[in-house]
Amino acid sequence: MENSKQTKETVNNVIFEVLRYNPETDKKPRLEEYTVKVTKGMTVLDGLNWIKENLDNTLAWRSSCRMGVCGSCAMFINGRARLACNNQIMHINTKKLVIKPLPNFAIIRDLVPDFEDFFEKHRTIKPFLIRKKAEELDNPGNEFFQSPEELANYIQFAYCIKCGICLAACPTCATDDRFTGPMALTQGWRYVSDSRDEGAEEREQELFSRHGVWRCHFAGACSDACPKGVDPAMAIQLLKRDMFFKQYEKRKKSPARRETEESKEWKPNPDIPKPPDPTV
Amino acid sequence: MASTPKNKLGIRGWVCGGRYVVERYAYIIHRISGIGILVYFILHIFVTGSRLGGPEKWHSTMSFFETPLFKFGEYLVFAAFAFHALNGLRLFFNELGFLIGKPARPVFPYKTSIHHQRPWLIVLMILAALFIVVGGLDFYILGE
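Residues numbered from 1 in each chain as written. Chains lettered and ligands numbered in written order. Predicted model: local features only at pLDDT ≥ 70, side-chain atom pairs only at ≥ 80, totals over all residues. Heavy atoms only, no water.

### Some thoughts on the overall build of chain A
In step 1: When its secondary structure is counted, chain A shows 13 helices and seven strands.
In step 2: The C-alpha radius of gyration computed for chain A amounts to 28 Å, which surpasses the reference 19 Å derived for 280 residues by more than 25%, pointing to a less compact arrangement than a globule.
In step 3: With respect to the principal axes defined by its C-alpha atoms, chain A has extents near 115 × 50 × 40 Å.
In step 4: Burial analysis of chain A (280 residues in total) assigns 48% to the buried set.
In step 5: Restricting to contacts in chain A with at least 6 residues of sequence separation, those with at least 24 account for 65%. (Helix = DSSP H or I, 4+ residues; strand = E, 2+ residues; numbered from the N terminus. Rg over C-alpha atoms; globule rule 2.2 N^0.38 Å. Buried < 20%, exposed > 50% of the residue type's maximum accessible area, 1.4 Å probe, protein only. Contact = heavy atoms within 4.5 Å.)

Structural data, given as structure tokens:
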């Protein structure tokens, strides 16, 4: 009982400077300050809930699970894109929290980013198992066997919760609207590297387009910011390696290359007359 | 009703997009040094092209560039080259999927590809710093 009293005690007053934007009344976004009584263990999301319950019920954001699983509450908090629900205010260790919606996404209202384009890009890489015989998926003849080693190739990338933090941290996304983005590229590799999948060729057009995988220059911010340890930077580099060596093998085996190599072999020119027989 | 703010960071986002790993700053310096070397290369073509105008034209052009400002610019090009070449070496291997570790089930605290390649970044940056310092000595003290 005493313990629970201790945890409820206000430890600090923290100022929440929150970006506000209402498309119906505001011409441009503005910052508004709230003072929040912070108790031990309180997350940024708890702080926002406290503001909504006690100070301003018009504040809008997206959240659901409160435990870092759904990926809804990603925000730009004190200079880093992170989940509001798995960051405790006292761990951030500051007297002022500046909270903005995720950068590189349009703002719908206050802290709510627009994920329409983000999910559309996810759709384009076909995030599902593709089999050459499509009917196999609905009526499988037997199990799609997969060894633990084959599972280890992609399981890390299957932990993605689609929170959008990687895109907010990515410098390429800051300037290139058409860049497929770390999340979609990682999901592309998640399926391409799955031993049960046979759809690598179908995904090629999107993954290796002009605004695809080669626009990543390994800044690494996506992997640093990812709250689930998915490591998009690794997935993208592995995708590049796969594409590079596959293309190399393809070119080595292509008939056009074989022809060129054959033409390099020396053949006597019939137009040049043969030298006379040696006299000595 | 106002149009929805796009909230794109733009070029500002390359430099001040947030507090993330040092590789993000290596990315922007790599980009700036690359552009610097390209601009120098174009200028270099024009400068050496002045030789076509005869020895007098060549000497007058060269005397124009023999000022402390251009000498410092030349040193900056050298520094940009040292950084760009060594960081580029790291990127060459990393972007082909080498020196970044293998995929593994994520366990907190997460160890990512960035941590795997970090020692290479540190070694190459120390080398780049050495080249830049030795180059500076050669430019301003030993080469005089």
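### Let's talk about the domain arrangement of chain A
Interface size is commonly expressed as the accessible area that is lost once the parts come together.
Residue and element names in this part refer to chain A.
In step 1: Per the domain assignment, the segments making up chain A are domain 1 (2-113) and domain 2 (116-132 + 141-256).
In step 2: Each of domain 1 and domain 2 was reduced to a C-alpha centroid, and the two centroids are 32 Å apart.
In step 3: Carbon and sulfur atoms make up 57% of the area that domain 1 and domain 2 hide from each other, which totals about 1,000 Å².
In step 4: If you look at where domain 1 meets domain 2, you find one salt bridge.
In step 5: Taking the shortest distance from any N to any O, the salt bridge between R80 and D224 comes out at 3.1 Å.
In step 6: Among the elements that line the side of domain 1 that touches domain 2, the one with the most residues is strand β4 (residues 80-83), at four residues.
In step 7: Among the residues forming the side of domain 1 that touches domain 2, the class breakdown is eight nonpolar, four polar and two charged. (Domains from an automatic or database assignment. Buried area = accessible area lost by both parts, 1.4 Å probe. Salt bridge = Lys/Arg side-chain N within 4 Å of Asp/Glu carboxyl O. Nonpolar A, V, L, I, M, F, W, Y, C, P; charged D, E, K, R; others polar.)

### Quick notes on the packing of helix α4 (residues 68-94) of chain B against helix α5 (residues 113-142) of chain B
Residues and elements named next belong to chain B.
In step 1: Direction vectors running N to C along α4 and α5 enclose 160°, while the axes themselves pass 9 Å from each other. With respect to their mutual orientation, α4 and α5 come out roughly antiparallel. When you trace α4 past α5, the crossing you get is right-handed.
In step 2: Among the residues making up the contact of α4 with α5, the classes are represented as 17 nonpolar, five polar and three charged. (Axes fitted to C-alpha atoms, helices over the stretch in contact; angles between N-to-C directions. Parallel < 35°, antiparallel > 145°, perpendicular 65-115°, else oblique. Left-handed = near helix turned anticlockwise from the far one by under 90°.)

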